[in-house]
Amino acid sequence: MNKTRYLFIVVIIVAVGTWAGIKLISDNLEPGQELIYFVPKTMDSRIEFWQVMNQGIASAAKEFNAEVRVLGTDTETDIEGQIRLLEQAIAAKPSAIVLAATDYNRLIPVSQKILKSGIKLITVDSGLNGGISASFIATDNFAAGQKAVASIQKWIAADASIAIISIVKGSATALERESGVRDSLKAYKDVEVLETYYSETSEAKAYDIVKTLIQENSKLKVIFGLNEPATVGAAKAIKDLGVESRVKLAGFDSSMDEIALLEDGYIQATVVQNPFNMGYLAIQTALQVSDGKKVNNRIDTGSVVITKENMFTKENQKLLVPFAEK
C-alpha cells in the first residue's frame, strides 16, 4: 500500500470537523470578544487547501478568543456571489474582515466600502489591485512560479511545447504564479509556451484540457498546474493516457490525491504553501490591526518544493499532511 494512503480517512474526518466547527455562528459575543468575518474564495470541501487554512483560523480564533464567522461561495468563479457576501459581512459591522479575493480588480469597490465603513481589511492568499488592505498574508506567488520551473528544468527540452493550466482568470494568485513561470521560461529560447488554459478550479475541466492537449500535440513535454485541482486533473490525464515517461508535470499544493500521484511518478514536483500559517496569521493580524497596532503590509508565509525524493522528510511531511500534525 502507498505509504501515505493510510492517512486518508483520518485527514478527511479532521478536515470535515474543522470546517463544520468554524462555520458555527453564535448570536452573542463574549465580553471583550472581537468579531471577525472570513470570506474565502470558496467553501468547496473538496479543496484541501481551504480546509487547512480554516484549521489555522480556528486555532487562532480559539487562542485569541475571537469570534470568527465564515461566509463563502460554492466555487471560486462566483465573483458576484463573493461581493454579495461581503455586503452581508459589512452589515454585521465586525471589527475586521479577512478576504481571499476571487478577482484582483472586481473586488475593489466593495473592499473600499469595507474601509469606509470603519472595518479593518486583511487579505489572505489572493490580494487586491493597489494593496488597499492593512496587510496581505500569502505565499510569494511570483517566486513560487519560478520555483516550479526550477523543479522541472531538467525535462525542458529544445523544441518542446509547454502548457500552463491556470486557475480562474483575474485571480491575483493565478496571475502572479503564471508570471513567475513565464519569466523563468524566458531562459529557454527554443521552447513553445502555449496560451494559458483555465481550469476554473475544476479537476474535471483540467483533466479534459490536458487530455486533449496531449492527444493533439506530440511536442507537449511539460505542464504546470497552478493549483490543486489543476494539478490533480492534469496528473490523472497523464496517468490515464500512459504518457508519464513523455509528459512531466509540476504543480501546486498538497492534497491526498497529489501526494499519491507524486509518489507514483505522475507529478514530478509540487510547490507547497503553508495555508495553516496563512489562516492563523490572518486572524492574529486582523486582531492586531483592530487594536490599533502597526503590522507589516506584506507577510510572506513561504513555499517549499516537494518531490518524490524529499517527500518523506519530517519537515516536508508536516507540510504535506498538516491535519495529522496539528
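Cut-offs applied
Residues numbered from 1 in each chain as written. Predicted model: local features only at pLDDT ≥ 70, side-chain atom pairs only at ≥ 80, totals over all residues. Heavy atoms only, no water. Pairing = 2+ DSSP bridges. Helix = DSSP H or I, 4+ residues; strand = E, 2+ residues; numbered from the N terminus. Axes fitted to C-alpha atoms, helices over the stretch in contact; angles between N-to-C directions. Phe/Tyr/Trp six-rings, centres within 6.5 Å; stacked < 30°, edge-to-face > 60°. Buried < 20%, exposed > 50% of the residue type's maximum accessible area, 1.4 Å probe, protein only. Core = buried A, V, L, I, M, F, W, Y, C linked by side-chain atoms within 4.5 Å. Contact = heavy atoms within 4.5 Å. Polar contact = N/O pair within 3.5 Å; in protein donor to acceptor, adjacent residues only side chain to side chain. pLDDT = per-residue confidence, 0-100. Right-handed = clockwise from strand over helix to strand, strands pointing away.

Visitor: Let's hear about the sheet that holds strand β8 (residues 220–225): which residues, and what values?
Guide: In spatial order, the strands read β7-β6-β8-β9-β10-β12; together these six strands make up an open sheet with mixed pairing. The strands lining the two open edges of the sheet, one partner per strand, are β7 (192–198) and β12 (304–307). Sheet twist, expressed as the average angle between the axes of neighbouring strands with direction ignored, equals 20 degrees. Strand direction decides the pairing type here: strand β6 (residues 161–166) and β7, joined by five bridges, are parallel. Bridged to I165 within β7 is Y197.

Visitor: Quick one: what's the story with the packing of aromatic side chains, residue by residue and with numbers?
Guide: Following the criterion strictly, the structure yields two aromatic pairs and no others. For the ring pair F49 and W50, a centre distance of 5.1 Å and an interplane angle of 85 degrees mean the geometry is edge-to-face. No difference in accessibility class separates F49 from W50, as the two residues are buried. Relative to Y280, the ring of F64 lies with its centre 5.8 Å away and its plane at 55 degrees, an arrangement referred to as tilted. In this pair, F64 is assigned in the loop between α2 (48–63) and β2 (66–70) and Y280 in helix α10 (residues 275–290), connecting sequence segments 216 residues apart.

Visitor: Tell me about the nonpolar core, and name the residues and values.
Guide: Core analysis: the biggest nonpolar cluster contains 33 residues, and I165, L213, I223 and I238 have the highest contact counts within it. Residues in contact with I223, not counting those within four places in the same chain, are A163, I165, V210, A234, I238, V247, K248, L249 and A250. Formed by 28 residues, the second largest nonpolar core is a distinct cluster that contains I57, A100, V295 and I299.

Visitor: So what's going on with the sheet that holds strand β4 (residues 120–124)? Residues and values would help.
Guide: Across the sheet, six strands lie side by side as β2-β1-β3-β4-β5-β11; this open sheet has parallel pairing. Edge positions in the sheet fall to β2 and β11 (298–300), since each has one partner strand and no second. This sheet shows a mean twist of 20 degrees between the axes of neighbouring strands, independent of strand direction. Relative to strand β3 (residues 96–99), strand β1 (residues 34–39) is paired through four bridges, and the arrangement is parallel. Within β3, the residue paired with I36 across the bridge is A96. In this fold helix α3 (residues 79–91) packs onto β1 and β3, with an angle of close to 165 degrees to the strand it touches most, β3.

Visitor: Which residues make up the side chain of S126, and what are the values?
Guide: Assignment of secondary structure puts S126 in the loop between β4 and β5 (135–138). For S126, a relative accessible area of 0% puts it in the buried group. Of the polar contacts made by the side chain of S126, one reaches the backbone oxygen of A101; its length is 3.1 Å. In contact with S126, not counting residues within four places along its chain, are K41, L99, A100, A101, F136, S171, A172 and T173.

Visitor: Give a detailed account of the confidence of the model for the protein chain, specifying residues and quantitative values.
Guide: On average, residues of the protein chain score 90 in pLDDT, and 89% of them reach the 70 mark or higher. Low pLDDT, under 50, characterises residues 5–26; the stretch is placed with 33 contacts to residues that sit more than four places away or in other chains.

Visitor: Tell me about the pairing of β1, and name the residues and values.
Guide: Burial within β1 is extensive, with six of its six residues counted as buried. In β1, alternate side chains face the same way, and those of E34, I36 and F38 on one face and L35, Y37 and V39 on the other are all buried. Alignment of β1 against β2, held across five bridges, turns out to be parallel. Looking at β2, one finds that Y37 is bridged to R69. Each parallel crossover has a hand, and for β1 linked through α2 to β2 it is right-handed.

Visitor: Tell me about the environment of K41, and please be specific about residues and values.
Guide: Relative to the helices and strands, K41 is located in the loop between β1 and α2. For K41, a relative accessible area of 3% translates into the label buried. Considering only alpha carbons, one finds K41 and D103, 62 residues apart in sequence, at a separation of 9.3 Å. Residues contacting K41, with those up to four places away along its chain left out, are W50, T73, T75, E76, Q82, A100, A101, T102, D125, S126, S171 and T173. A polar contact is formed between the side chain of K41 and the side chain of S171, at a distance of 3.1 Å.

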